[in-house]
Amino acid sequence: MSKGIRITKGLSIKIKGSPKNQIENLPLASTYAFNLNDFHLHVPKLILREGDSVKRGTPIFYAKSNEKLKFVSPVSGTVKEIVRGERRKIHNIIIDSDGNDNFVKHKPPVLDNSSVQELIDFLLEAGVWPLINQRPFDIIADPNISPKAIHVSCFDSSPLAVDYEFMLKDRLSEIKAGLDYLDKIVNGELFLGLKSCQELFQKEFSNYKTNLFDGPHPSGNVGVQIHHVNPINSGEVVWTLKLEDIAVIGKLILKGEYLPDRIVAVTGPPVKNPKYFNLRTGANLDSVINNVEIDNKNDVRFINGDVLSGYKVNSIGYLGHYNNKLSVLREGNQYRLFGWIPFINNTVPSIYKTSFSWLFNNKEKDYDTNLNGEERAFVATGEMESIFPMDIYPMQLIKECMIGDIEKMEKLGIYEVSPEDFGLIDYSSSSKIEAQTIIRQGLDYIYKETQ
Amino acid sequence: MKIREILDNLKKPFEKGQKLEKFYPAFDAFETFLFVPNHTSKTGAHIRDAIDLKRVMITVIIALMPALIYGIYNTGFQYLSQTPDSFTTLDAIIHGSSKVIPMIAVSYIVGLSIEFLFAIWRGHQVNEGYLVTGLLIPMIMPVDIPLWMVGVSVAFAVIIGKEAFGGTGMNILNPALTARAFAFFAYPTYMSGNQVWVSEASNVDGVSGETILGMLAAGNSTEQFGIMEMFIGNIPGSIAETSTLMVLIGAFILIYTGVGSWRIMVGGVLGAAITGMLFNLWGANALMSFDWAQHLIVGGFAFGIVFMATDPVSAAQTQKGKWIYGILVGILCILIRVFNPAYPEGVMLAILLMNVFAPTIDHYVIEASVKRREKRSLNLKTS
């Protein structure tokens, strides 16, 4: 049973260098790391110290707010370094791999005769809980609050989109095991968002509640899908997961081991041979980057995630906890003489027809990281509403977040959104407003005031 | 990259901790006029659209050009037709330029000086909005207004109309219309009546320089003007408002590039046309029975609805709100024309009034969405 939902507002950005359907396996990296920024608003409490040895699946730290919420090692080896910043805040935890990949063996509960609490406890104990996110606030789900539903987006609409059907075609049985497990926790309120062209998934997932989406980005964002299927009302909580993370949970349930392997696309205009790699969460990117050809390697930006909502990493950095994509962009740190005059520099694309680039809208284009202007006072030129496919007024919500009026933020729908939903607004703003940052600050503010 | 090197050298004393640090906004305005800066995205989306406010504003200026050039020609034409001598198009343009270009210069010099001072004082970048406002102000003035009045009106509009509210993006009223309204009420003899619309009309006996709406309000016949003349703009009026054809070219540029809101423009035309038709049916006075279609092409209606009502800062900001706002501007414009003989042209006051109500319109549009959300939660609790 599936329902077709057409998203009309939005914008699909076509960038050169989308990944070819080819997967390369790489040997285990020498080091792995946690980037604590991946776990927004959570303060880590260390269980192990530098020099301690770990197996894959050994807890390394837990969340200060809930000691059952454990974070486990993706690889066997030793804890090499705990990188701290100002006021001893932990930034990274680096683990040296010993190459053996020994793992902790778990005994999964039997689905039919376990209570929901037992199912949840097992996920917490095995260290896969951080893969479950919640809205409101777009943070790791609170295991003490039962959600009204789980939503999973099964396609990517962001620029340089990855092909989930291709990436996950060999892991369908694991995904189904994971889905069944989660389905039990929420008593059947589990929704999958599919694209109408995904025939394989439609056939394979016919036993679950599925909705078919069509339309431009951000139709693949889970927030947009929730809004159209089963919107979050005040006081409600919805969990979201990435499809490949469900495969990790499925693997844990079928085989009793935590194995956070995932297919990651390395893409972007400077990448000469964009393709997929079989990697593990937290892997050092060094070996990956040496396996692709990149133009002018010293002047590019590596982004964990997509180019709208991902974050910048160093070329010797690490793969994030949640991404299936490493985007590469040329740094746009050059001046352009009279570049602000319409129809000059037509290679720089625009949603306004002030550049001839719109004539080639179906072609993949080269983008760089230039701001193409300076930040200015908020002048509402009206582009926001036309690319924001929710019954929410984005500009007014952003303004209330800047002011910090919680009551108005609630009324305008702050609990339904996450920063990634505002990626296109960052992109298209003529005043160069940092909408995602403002929304994140607004969510954090409410979280701190209400918890 | 010679210019770049020179600029980089010039920039040094303006950088942080250097002598001229305070004046950085002024230097920055100059530098970014020449070059799109090398800034890269730091947070948020890593890629950004080519559009910025400079490009938005320059697009509006390009859209204004046909009306401005025709306005200059018409200024000369209206003046020279009073004289017995024959003249060429070039003569008209030369005469018009001698009148209009000094006004534009005064507007830019006074306005930009104030903008730069405020930018330096507040330590923010100079906003590009004034490039449009500064051109609009002379375009909507009568040609014979003394230059010092242009200067005073500009100063009033920028300081009281814009900076007092916190600068670009915060103002409630359209700054260009604020300037015109100021001049209109401060110097009424230079801004209304039947002798200000044609250059030096008062010096030539027996030539009428009244606008069509002025004639109608006074109960005179307007038979001397054909529809084509009204449409092309060969009629007395404020400098650039007369030619509906040229305004339409501008409207096309704004809508095509996506810079101007078509919703406001279409809404305005609909509102005015329907109101005009209703009055045509009533027909109690000359302005009521004035053909609705001609209402759209005389006076400043077309210019106002295309270039003034669409100002993104002072207009309604939601898509539904823009429709309502546009329609109301159109209705009010015709209402003021018909019912208030003291102000034969209603578009300025209609837009200013709707500027004031735009936040209210948006409030109710947004409130509808808020209500839908509340209702959803409520249904849930009761079921």
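Residues numbered from 1 in each chain as written. Chains lettered and ligands numbered in written order. Predicted model: local features only at pLDDT ≥ 70, side-chain atom pairs only at ≥ 80, totals over all residues. Heavy atoms only, no water.

Undergrad: Break down the overall build of chain B for me, with residues and values.
TA: Looking only at helices and strands, chain B features 17 helices and one strand. With the C-alpha coordinates aligned to their principal axes, the bounding extent of chain B is approximately 70 × 65 × 35 Å. In chain B, which comprises 383 residues, the share counted as buried stands at 55%. When the 25 positive and 26 negative side-chain charges of chain B are each reduced to one mean point, those points stand 17 Å apart. (Helix = DSSP H or I, 4+ residues; strand = E, 2+ residues; numbered from the N terminus. Buried < 20%, exposed > 50% of the residue type's maximum accessible area, 1.4 Å probe, protein only. Lys, Arg positive; Asp, Glu negative; His and termini not counted. Charge placed at Lys NZ, Arg CZ, Asp CG, Glu CD.)

Undergrad: Explain the overall build of chain A to me, using residue names and the numbers behind them.
TA: Looking only at helices and strands, one finds twelve helices and 21 strands in chain A. Along the longest, intermediate and shortest principal axes, the C-alpha atoms of chain A span 65 × 50 × 45 Å. Buried residues in chain A amount to 62% of all 451 residues. Residue pairs at least 24 apart in sequence account for 69% of intrachain contacts in chain A once pairs closer than 6 positions are excluded. Of the roughly 17600 Å² that chain A leaves accessible, carbon and sulfur atoms contribute 47%. When the 52 basic and 57 acidic side-chain charges of chain A are each reduced to a single mean position, those positions are 2 Å apart. (Contact = heavy atoms within 4.5 Å. Areas by Shrake-Rupley, 256 points an atom, 1.4 Å probe, with all protein chains shown as cover.)

Undergrad: So, the interface of chain B and chain A: which residues are in play, and what are the values?
TA: Listed per partner, the contact involves 60 residues of chain B and 80 residues of chain A. In this assembly, chain B packs against chain A so that about 6100 Å² is buried in total across both faces, 54% of it on carbon and sulfur atoms. It is His46, Ile47 and Arg48 of chain B in chain B that bury the most area against chain A; as a group they hold 14% of the surface buried on that side. At the junction of chain B with chain A, the criterion picks out four salt bridges. One salt bridge in this structure joins Arg373 of chain B and Glu416 of chain A, with 3.0 Å as the shortest N-O distance. At the boundary of chain B with chain A, the tally comes to 35 residue pairs in polar contact (both at pLDDT 80 or more). If one sorts the elements of the side of chain B that touches chain A by residue count, helix 17 (residues 347-382) of chain B sits on top with ten residues. Taken together, the residues that form the side of chain B that touches chain A break down as 24 nonpolar, 20 polar and 16 charged. (Buried area = accessible area lost by both parts, 1.4 Å probe. Salt bridge = Lys/Arg side-chain N within 4 Å of Asp/Glu carboxyl O. Polar contact = N/O pair within 3.5 Å; in protein donor to acceptor, adjacent residues only side chain to side chain. Nonpolar A, V, L, I, M, F, W, Y, C, P; charged D, E, K, R; others polar.)

Undergrad: A description of the side chain of Glu257 of chain A should follow, citing residues and the corresponding values.
TA: Residues and elements named next belong to chain A. Within the secondary structure, Glu257 is located in the loop between helix 6 (243-255) and strand 16 (261-267). The class of Glu257 is buried, set by a relative accessible area of 12%. Only 2.7 Å separates the side chain of Glu257 from the side chain of Arg56, close enough to count as a polar contact. Excluding anything up to four places from it in sequence, Glu257 contacts Arg56, Phe103, Val104, Lys251 and Leu252.

Undergrad: Tell me about the packing of aromatic side chains, and name the residues and values.
TA: Note on aromatic pairs: each is described by the distance of the centres and the angle between the planes. Tallied over the full model, the rule gives 32 aromatic pairs over all chains. Between Phe77 of chain B and Phe87 of chain B, the ring centres sit 5.7 Å apart and the planes meet at 70°, which makes this aromatic pair edge-to-face. In this pair, Phe77 of chain B is assigned in helix 3 (residues 53-80) and Phe87 of chain B in the loop between helix 3 and helix 4 (89-122), connecting sequence segments ten residues apart. Owing to a relative accessible area of 21%, Phe77 of chain B belongs among the partly exposed residues under this scheme. Judged by its relative accessible area of 28%, Phe87 of chain B is partly exposed. Here Phe279 of chain B and Phe339 of chain B contribute two aromatic rings whose centre-to-centre distance is 5.4 Å and whose plane-to-plane angle is 75°, an arrangement assigned as edge-to-face. Here Phe279 of chain B is found in helix 12 (residues 262-282), whereas its partner Phe339 of chain B is found in helix 16 (residues 319-339), with 60 residues between them in sequence. Among the residues examined, Phe339 of chain B registers a relative accessible area of 47% and is labelled partly exposed. Cation over ring: Lys353 of chain A sits above Tyr256 of chain B, and NZ or CZ is 5.2 Å from the ring centre. (Phe/Tyr/Trp six-rings, centres within 6.5 Å; stacked < 30°, edge-to-face > 60°. Lys NZ or Arg CZ within 6 Å of the ring centre and 35° of its normal.)

Undergrad: Go over helix 15 (residues 301-308) of chain B with me, naming the residues and quoting the values.
TA: With eight of eight residues buried, helix 15 of chain B lies mostly within the body of the structure. Turning to helix 15 of chain B, its buried residues number three or more, namely Phe301, Ala302, Phe303, Gly304, Ile305, Val306, Phe307 and Met308 of chain B.

Undergrad: Run through the environment of Cys197 of chain A, naming residues and quoting values.
TA: Considering the arrangement of structural elements, one finds Cys197 of chain A in the loop between strand 13 (190-195) and helix 4 (199-204). Between the C-alpha atom of Cys197 of chain A and that of Arg49 of chain A, which follows or precedes it by 148 residues, the distance is 49 Å.

Undergrad: So what's going on with the pattern of salt bridges? Which residues, and what values?
TA: Summed over the entire model, instances satisfying the criterion amount to 31 salt bridges over all chains. Of the charged contacts in the structure, one is a salt bridge between Asp101 of chain A and Arg56 of chain A, with a shortest N-O distance of 3.0 Å. In this pair, Asp101 of chain A is assigned in the loop between strand 9 (90-97) and helix 1 (116-126) and Arg56 of chain A in the loop between strand 5 (53-54) and strand 6 (59-63), connecting sequence segments 45 residues apart. As far as the burial class goes, Asp101 of chain A and Arg56 of chain A line up, both buried. Its salt-bridge partner being Asp144 of chain B, residue Lys99 of chain B comes within 3.8 Å of it at the nearest N-O pair. Of the two residues, Lys99 of chain B sits in helix 4 while Asp144 of chain B sits in the loop between helix 5 (129-139) and helix 6 (147-162), which places them 45 residues apart along the sequence. What emerges from the salt-bridge pattern is a single network uniting Arg56, Asp101, Glu257, Asp261 and Arg280 of chain A.

Undergrad: Can you break down the environment of Ser355 of chain A residue by residue, with the values?
TA: Tracing the chain through its elements places Ser355 of chain A in the loop between strand 21 (336-337) and helix 8 (383-386). Between the C-alpha atoms of Ser355 of chain A and Leu123 of chain A, which are 232 residues apart in sequence, the distance is 51 Å. What Ser355 of chain A contacts, discounting residues up to four positions off in sequence, is Phe343, Asn346 and Val348 of chain A together with Arg55 of chain B.

Undergrad: Which residues make up the pairing of strand 17 (residues 275-280) of chain A, and what values do they have?
TA: All names here are of chain A. Here strand 17 lies mainly inside the structure; five of its six residues are buried. As paired elements, strand 2 (residues 23-25) and strand 17 share three bridges and run parallel to each other. The residue of strand 17 that forms the bridge with Glu24 is Phe277. Examined bridge by bridge, strand 16 and strand 17 share six bridges and lie antiparallel to one another. Within strand 17, the residue paired with Arg262 across the bridge is Leu279. (Pairing = 2+ DSSP bridges.)

Undergrad: Talk me through the nonpolar core; I want residue IDs and the actual numbers.
TA: Of all hydrophobic cores here, the largest spans 149 residues; its most connected members are Phe303 and Tyr325 of chain B. Take this core: its biggest share by element is 14 residues, from helix 3 of chain B. The residues touching Tyr325 of chain B, leaving out its near neighbours within four places in the chain, are Ile264, Ala309, Ser314, Ala315, Ala316, Ile351, Met354, Asn355, Ala358 and Ile361 of chain B. Grouped together as the second largest cluster of nonpolar side chains are 69 residues, Leu36, Phe166, Leu190 and Trp239 of chain A included. (Core = buried A, V, L, I, M, F, W, Y, C linked by side-chain atoms within 4.5 Å.)

Undergrad: Go over the sheet that holds strand 8 (residues 77-84) of chain A, please, and point to the residues and values.
TA: Judged by pairing direction, the sheet is antiparallel, and its four strands sit side by side in the order 3-9-8-5 (chain A) without closing on themselves. Each edge of the open sheet is held by one strand with a lone partner, namely strand 3 (31-35) and strand 5 of chain A.

Undergrad: How would you sum up the confidence of the model for chain A? Please name residues and give values.
TA: Where the model shows low pLDDT, its predicted coordinates should not be examined in detail. Mean pLDDT over chain A: 90, with 99% of residues reaching 70 or higher. Element-level pLDDT for chain A is lowest in strand 1 (residues 2-6) of chain A, with a mean of 79, against a maximum mean of 96 in strand 12 (residues 149-153) of chain A. (pLDDT = per-residue confidence, 0-100.)

Undergrad: I'd like a description of the sheet that holds strand 17 of chain A, backed by residues and values.
TA: Residue and element names in this part refer to chain A. Strand order in the open sheet formed by six strands is 2-17-16-20-18-19, with mixed pairing between adjacent strands. For this open sheet the edge positions go to strand 2 and strand 19 (311-313), each flanked by a neighbour on one side alone. Between one strand axis and the next, the sheet turns through 35° on average, direction left out of account. (Axes fitted to C-alpha atoms, helices over the stretch in contact; angles between N-to-C directions.)

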